[in-house]
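Tertiary structure, described
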Amino acid sequence: MQPFTARVLQIILLIPEGKVMTYGQIAAEAGSPRGARQVVRILHSLSQKHKLPWHRVVNRLGEIALQEDESASLQRLYLEEEGIQFNANGRIPLDRYLYNPQAEMEELTRNEQG
C-alpha cells in the first residue's frame, strides 16, 4: 500500500460521528493538496474492505458528491442519523460540521498543558 493511501485511510477512520471532511481536506492532510480525486478513488475501492465511514466525506461545498440517487440518499440518511443537518440548498454547513484534525490536536495539547 502506498504511503498516501495509508494516510488517507487513517484520516478517514478518525473522522468522528457527527462530523465531515472534504475530499480536498483529506488529501491535504495526507500530504497531497491536489489529490482530492485520489481520495475519491481510495474511498470507492477500499471503503468496504477497511470499513471506512465513507458517508462522512463530502465535496468542498458541503454537498454529497455521489451521482447515483440510491447511494446519495443512503449517505444523507447516515449523516442525518449522526445529527448532521442540511440547509435548504441540500448542503452541510461546513462551519458547523467540518472536522479539523489539526485544530483538535492543538486543543488536546492545550488541555494537557493546563
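Throughout what follows, the structure given in this document is the object of discussion. (Residues numbered from 1 in each chain as written. Predicted model: local features only at pLDDT ≥ 70, side-chain atom pairs only at ≥ 80, totals over all residues. Heavy atoms only, no water.)

**Looking at the overall build of the protein**
Heads up, the condition is: Secondary structure is summarised from DSSP: a helix means a run of H or I of at least four residues, a strand means a run of E of at least two, and numbering begins at the N terminus for each. For the radius of gyration, the atoms used are the C-alpha atoms, and the globule rule reads 2.2 Å times the number of residues raised to 0.38. Each residue gets one of three labels from its accessible area relative to the maximum for its type: buried under 20%, exposed over 50%, partly exposed in between, using a 1.4 Å probe on protein chains only. Note on areas: Shrake-Rupley, 1.4 Å probe, and residue coverage restricted to the protein chains presented here. Residues scored as positive are Lys and Arg, those scored as negative are Asp and Glu, and His as well as the terminal groups of each chain are ignored. To locate a charge, the coordinates of NZ of Lys, CZ of Arg, CG of Asp or CD of Glu are taken.
Scanning the protein for helices and strands turns up 6 helices and 2 strands. Starting at the N terminus and ending at the C terminus, the protein contains elements arranged as α-β-α-α-β-α-α-α. Against the globule reference of 13 Å for 114 residues, the protein gives a C-alpha radius of gyration of 14 Å, in line with a compact fold. Counting only residues that meet the buried cut, the protein has 37% of its 114 residues in that class. Only carbon and sulfur atoms are counted for the fraction: they give 47% of the accessible area of the protein, which is about 7500 Å². On the protein, the mean spot of the 13 positive side-chain charges and the mean spot of the 14 negative ones are 8 Å from each other.

**Considerations on the packing of aromatic side chains**
Each aromatic ring pair is specified by the distance between its two centres and by the angle formed by the two planes. To be explicit about the condition: By convention, a stacked pair of Phe, Tyr or Trp rings (six-membered ring in the case of Trp) has centres within 6.5 Å and planes under 30 degrees apart, an edge-to-face pair has planes over 60 apart, and any other such pair is tilted. Only when the NZ of Lys or the CZ of Arg is both within 6 Å of the ring centre and within 35 degrees of the ring normal is a charge said to sit over the ring.
Taken as a whole and judged by the stated rule, the model has 1 aromatic pair. Considering the side-chain rings of Trp-54 and Tyr-78, the 5.8 Å spacing of their centres and the 65° angle between planes classify their relative orientation as edge-to-face. A residue pair is termed long-range when its members are at least 10 positions apart, and Trp-54 in the loop between helix 3 (36-50) and strand 2 (57-58) and Tyr-78 in helix 4 (residues 69-81) qualify at 24 residues. According to the relative accessible area criterion, Tyr-78 is partly exposed, its value standing at 30%. The side chain of Arg-76 reaches across the aromatic face of Phe-86, ending 4.1 Å from its centre.

**Notes on the packing of helix 1 (residues 3-14) against helix 3**
Applied cut-off: Axes here refer to lines fitted to C-alpha atoms; in helices the fit is confined to the stretch in contact. Angles between the N-to-C directions go from 0 to 180 degrees. Each angle gets one of four labels, with under 35 degrees taken as roughly parallel, over 145 as roughly antiparallel, 65 to 115 as roughly perpendicular, and the rest as oblique. Left-handed is the label given to a crossing in which the near helix is rotated counterclockwise from the far helix by less than a right angle, and right-handed is the label when the rotation is clockwise. In what follows, residue pairs with any heavy atoms lying within 4.5 Å of each other are defined as contacts. Just so you know the grouping, Ala, Val, Leu, Ile, Met, Phe, Trp, Tyr, Cys and Pro go in nonpolar, Asp, Glu, Lys and Arg go in charged, and all remaining residues, Gly too, go in polar.
Running from amino to carboxyl end, helix 1 crosses helix 3 at an angle of 65°, the nearest separation of the two axes being 10 Å. Accordingly, the angle class assigned to the pair helix 1 and helix 3 is roughly perpendicular. As for the relative orientation of helix 1 and helix 3, their crossing is right-handed in sense. Mapping the contact onto sequence places Phe-4, Thr-5, Val-8, Leu-9, Ile-12 and Leu-13 in helix 1 and Gln-38, Val-39, Ile-42, Leu-43, Leu-46 and His-50 in helix 3. In the contact of helix 1 with helix 3, the residues fall into 9 nonpolar, 3 polar and no charged.

**Examining helix 3**
Residues three or four positions apart in an α-helix share a direction because the helix packs 3.6 residues into each turn. The condition is simple: The quantity called bend is, for any residue, the angle between two axes fitted respectively to the seven residues ending at it and the seven beginning at it.
Along helix 3, the sharpest change in direction is near 40° and occurs at His-44. Listing the buried residues of helix 3 in full gives Val-39, Ile-42, Leu-43, Leu-46 and Ser-47. Where helix 3 is buried, its residues contact helix 1, helix 2 (23-29) and strand 2. Phi turns positive, to about 50°, at Lys-51, one or two residues after helix 3.

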